[in-house]
Amino acid sequence: MALAFDEYGRPFIILREQEKKSRLQGLDAQKANIAAGKSVARILRTSLGPKGMDKMLQSPDGDVTITNDGATILELMDVDNQIAKLMVELSRSQDYDIGDGTTGVVVMAGSLLEQAEKLLERGIHPIRVAEGYEMASRIAVDHLESISTKYEFSATDIEPLVQTCMTTLSSKIVSRCKRALAEIAVKAVLAVADLERKDVNLDLIKVEGKVGGKLEDTELVQGIIVDKDMSHPQMPKRIEDAHIAILTCPFEPPKPKTKHKVDIDTVEKFQTLRGQEQKYFDDMVQKCKDVGATLVICQWGFDDEANHLLMQRDLPAVRWVGGVELELIAIATGGRIVPRFQELSTEKLGKAGLVREKSFGTTKDRMLYIEKCANSKAVTIFIRGGNKMMIEETKRSIHDALCVARNLIINNSIVYGGGSAEISCSIAVEAAADRHPGVEQYAIRAFADALDAIPMALAENSGLPPIDTLTVVKSQHVKENNSRCGIDCNDVGTNDMKEQNVFETLIGKQQQILLATQVVKMILKIDDVITPSEYC
Ligand code: ADP
């Protein structure tokens, strides 16, 4: 099918001969879409919460990922269906904005779709359902605001921040070390945060990993770690008070390109050329020394001869450093990236108190630590772990924890987790439905039921009977007027989430509800699905 225009500029559709299309209309279209959305949510449902299961995904080239992070699972799942892709997008948006709650948002959307299906079957028009959901989501978001509390912390008292990060980490594979990792994440965020402006630049936190060691060896380095080593094994492994030239230009004599022709027909000519080349590089090294550089970090490579010369002239160098890393090094050391060699000058050099090479295990693996930098704002979280999968999953979990700490610094309102916020909203929305005169009240009530899906999934994943548990907790909410009661997933003995220290940020929870409602409304409004026949 193609859109074309005739000579008067009027559009018309060209259908190739025998091209078959499949077309779903009206209720059938909505039902098919809802089924697709629900099936994606069903996959993630078992991953929700501290006792959630992990998924193992294999990419076409054989890479295996084990994860519990909703956004990553959906990212790696090769989905073909357009509606399923919307759910993937949904999780990704939550990840971009908030960083945490990526599983919950999809489970929530799936449950809204399930409830919507029942309403459609009863003959309620999709638009009325969508409108009812919109109203209910606003009630829920306002209610969340009313049950939220301010979480006080300061740069000196970081315990509250650590507790919140621990909640996020408790549902991940790395929960064994959640305390240590949460502390690392909070310290990293505070190192780059501007508490007065309530701003955090997460780009200044580098997360680096190396296979080997234990998860407990994970550390926060005040500076930058680069997965590179000195270009020559005999160069010094430790440079104190380093003045660093950061180059993105080639650091070697210009090579004759193929389109230029140099005729070398005598030994003398060859010697001259070689001498000139050497002198050119020698001058470059001298220039670095003249401006006071004691270390050169270069984006490009240089050949063995140049490397040898650098060693002889006592100028340590690191080659093939990536662009992003160079930028971070420049920020941390207060240096400037030099794109043209002629522009190198003393004031463009970065300064670091200590640059050292550290080797790991018995392998030839070495990494470069750039510490005690002039601008201590950039930090690195260096993860250790038994295998690559573990390191990757730890990186994802740390990312979630960093986002949570960042969100709290931007806005320190929190709601309690473990499904308590959802149950409280569900009760509030249900009550609001009774006050609503129109047909939308069915949708509002359905929204309240959909909110219950989160505590039910948490209970189910922890091996508790979902309906019984929910009923008990819900009645506790109403009887005791206590919005902190949630699901006691870890069998601690109390379901007061305040006592269990299970929190989530208010903006994260609100965003979950808003995003899930938005996507479900979008899906409900589709009443015509036209696909080429090979997809049907
Ligand atoms: P997401 O990717 O959505 O963050 P998680 O698998 O991290 O999904 O699960 C988060 C859910 O688990 C939240 O609803 C949170 O309140 C809940 N949760 C986390 N820790 C606990 C706990 N110790 N007890 C009960 N619920 C918890």
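Residue indices follow the written sequence of each chain, beginning from 1 at its first position. Local features in this predicted model are restricted to residues whose pLDDT is 70 or higher, and side-chain atom pairs enter the listing and the counts only when it is 80 or higher, whereas totals over whole chains, interfaces and linings include all residues.

Student: Go over the overall build of the protein, please, and point to the residues and values.
Tutor: Secondary structure summary: the protein contains 16 helices and 21 strands in total. Judged by the C-alpha coordinates and their principal axes, the protein covers about 95 × 70 × 40 Å. Using C-beta atoms placed from the backbone, we call a residue buried if 20 or more other C-beta atoms fall within 10 Å of its own, exposed if 12 or fewer do, and partly exposed for counts in between. A burial count over the protein gives 44% of its 536 residues as buried. By definition, residues are in contact whenever their C-beta atoms, placed on the basis of the backbone, come within 7 Å of each other. When contacts within the protein are restricted to residue pairs at least 6 apart in sequence, long-range pairs at least 24 apart make up 75% of them. Helix and strand assignments follow DSSP, with helices taken as H or I runs no shorter than four residues and strands as E runs no shorter than two, numbered in order from the N terminus.

Student: Account for the packing of helix α5 (residues 126-147) against helix α12 (residues 420-435), naming residues and giving values.
Tutor: With their axes 9 Å apart at the nearest point, α5 and α12 run at an angle of 125 degrees to one another. Taken together, the axes of α5 and α12 are oblique relative to one another. When the axes of α5 and α12 are compared, the crossing they make is right-handed. Touching Ala 136, Ile 139, Ala 140, His 143, Leu 144 and Ile 147 of α5 are Ala 421, Ser 424, Cys 425, Ala 428, Val 429 and Ala 432, all from α12. Lys, Arg, Asp and Glu make up the charged group, whereas Ala, Val, Leu, Ile, Met, Phe, Trp, Tyr, Cys and Pro make up the nonpolar group; the residues left over, Gly among them, are polar. Residue composition of the contact of α5 with α12, by class: 10 nonpolar, two polar and no charged. Orientation is described by lines fitted to C-alpha atoms, with helices fitted over the stretch in contact, and by angles between N-to-C directions that extend from 0 to 180 degrees. In what follows, roughly perpendicular refers to angles from 65 to 115 degrees, roughly parallel to angles under 35, roughly antiparallel to angles over 145, and oblique to any angle outside these ranges. Handedness of a helix crossing follows the sense of rotation of the near helix relative to the far helix, less than a right angle counterclockwise being left-handed and clockwise being right-handed.

Student: Outline α12, supporting the account with residue identities and numerical values.
Tutor: For α12, spanning 16 residues, the distance from its first C-alpha to its last is 23 Å, which sits close to the expected 22 Å at 1.5 Å a residue. When α12 is considered as a whole, its buried residues turn out to be Ser 420, Ala 421, Glu 422, Ile 423, Ser 424, Cys 425, Ser 426, Ala 428, Val 429, Ala 432 and Ala 433. In this scheme, a helix's expected span is set at 1.5 Å multiplied by one less than its residue total.

Student: Describe the site of the ligand, naming the residues involved and giving the relevant values.
Tutor: Within the structure, the ligand sits among 27 residues, and Thr 103, Gly 104, Ser 171, Gly 417 and Gly 418 are positioned closest to it. Mapped onto the shell around the ligand, the elements with two or more residues apiece are α4 (102-121) and α14 (453-461). Looking at the shell around the ligand element by element, the count peaks at three residues for α4. Throughout this description, a residue near a molecule or strand is one whose C-beta atom, derived from the backbone, lies within 6 Å of it.

Student: Could you give an account of the packing of helix α8 (residues 267-291) against helix α9 (residues 304-312), naming the residues involved and the relevant values?
Tutor: In a packed pair of helices, the relevant descriptors are the angle between the two axes and the axis-to-axis distance. The N-to-C vectors of α8 and α9 enclose an angle of 45 degrees; their axes lie 11 Å apart at closest approach. The orientation of α8 relative to α9 falls into the category oblique. The interaxial crossing formed by α8 with α9 has right-handed handedness. Where α8 approaches α9, its residues Phe 281, Asp 282 and Val 285 are matched on the opposing element by Ala 306, Leu 309 and Leu 310.

Student: Tell me what's going on with unusual backbone geometry, and back it up with residues and numbers.
Tutor: Not every positive phi belongs to a glycine, and Asp 314 is a case in point at roughly 60 degrees. For Asp 314, the position within the fold is in the loop between α9 and β14 (317-318).

Student: Would you mind going over the domain arrangement of the protein in detail, with residue names and values included?
Tutor: By the assigned domains, the protein splits into domain 1 (18-150 + 418-482 + 498-535), domain 2 (154-222 + 378-411) and domain 3 (224-375). Segment limits for the domains were obtained from an automatic or database-derived domain assignment. In this structure, domain 1 and domain 3 have C-alpha centres spaced 53 Å apart.

Student: Residue-level account of the sheet that holds strand β19 (residues 413-416), with values.
Tutor: Any two strands between which DSSP finds at least two bridges are classified as paired. Sheet architecture is open: three strands sit in the order β6-β19-β20, paired in antiparallel fashion. Sheet topology places β6 (149-150) and β20 (503-505) at the edges, where each strand pairs with a single neighbour. For β19 and β20, the ladder comprises three bridges, and the chain directions are antiparallel. Paired with Val 415 across the two strands is Glu 504, which belongs to β20.

Student: So what's going on with the sheet that holds strand β10 (residues 219-221)? Which residues, and what values?
Tutor: Spatially, the three strands line up as an open sheet ordered β9-β18-β10, and their pairing is mixed. Two strands close off the open sheet at either side, each with one partner strand: β9 (205-211) and β10. Across the sheet, the mean angle separating the axes of adjacent strands is 25 degrees when strand polarity is ignored. Looking at chain direction, β10 and strand β18 (residues 379-385) are connected through three bridges and run antiparallel.

Student: Describe the confidence of the model for the protein, with residues and values.
Tutor: Per residue, pLDDT captures the predictor's confidence, and it can take any value from 0 to 100. Chain-level statistics for the protein give a pLDDT mean of 86 and a share of 96% at 70 or above. In the model output, the complex is listed with pTM 0.79 alongside ipTM 0.96.

Student: An account of the environment of Gln 25 is requested, with residue identities and associated values reported.
Tutor: Along the chain, Gln 25 falls in strand β3 (residues 21-25). Linking Gln 25 and Lys 525, residues 500 residues apart in sequence, is a C-alpha distance of 12 Å. If we ignore the near neighbours within four places in the chain, the residues touching Gln 25 are Asp 527 and Asp 528.

Student: Any chance you could break down the environment of Met 522 for me, citing the residues and the numbers?
Tutor: Position of Met 522 relative to the elements: it lies in helix α16 (residues 506-524). C-alpha of Met 522 to C-alpha of Ala 130: the two residues are 392 residues apart in sequence and 8.4 Å apart in space.

Student: How would you summarise the environment of Ala 450 if you had to cite specific residues and measurements?
Tutor: Turning to its location among the elements, Ala 450 is positioned in helix α13 (residues 440-451). Of the residues examined, Ala 450 has 28 C-beta atoms within 10 Å and is grouped as buried. Through-space distance from the C-alpha of Ala 450 to that of Val 520 is 12 Å; in sequence the pair is 70 residues apart. If we ignore the near neighbours within four places in the chain, the residues touching Ala 450 are Met 108, Ser 111, Leu 112 and Gln 115.

Student: Before we move on, can you summarise the pairing of strand β13 (residues 295-298) with the specific residues and values?
Tutor: A two-sided burial pattern is seen for β13, the buried positions comprising Leu 295 and Ile 297 on one face and Val 296 and Cys 298 on the other. Note: strand β12 (residues 238-247) against β13, four bridges, orientation parallel. Along β13, the bridge assignment pairs Ile 246 with Ile 297. The pairing of β13 with β14 spans two bridges and is classified as parallel. Pairing of Ile 297 across the sheet is with Val 318, part of β14. When the strands point away from the viewer and the connection leading from the first strand across the helix to the second strand turns clockwise, the crossover is called right-handed. Assessed by its sense of winding, the connection that carries the chain from β13 through α9 to β14 is right-handed.

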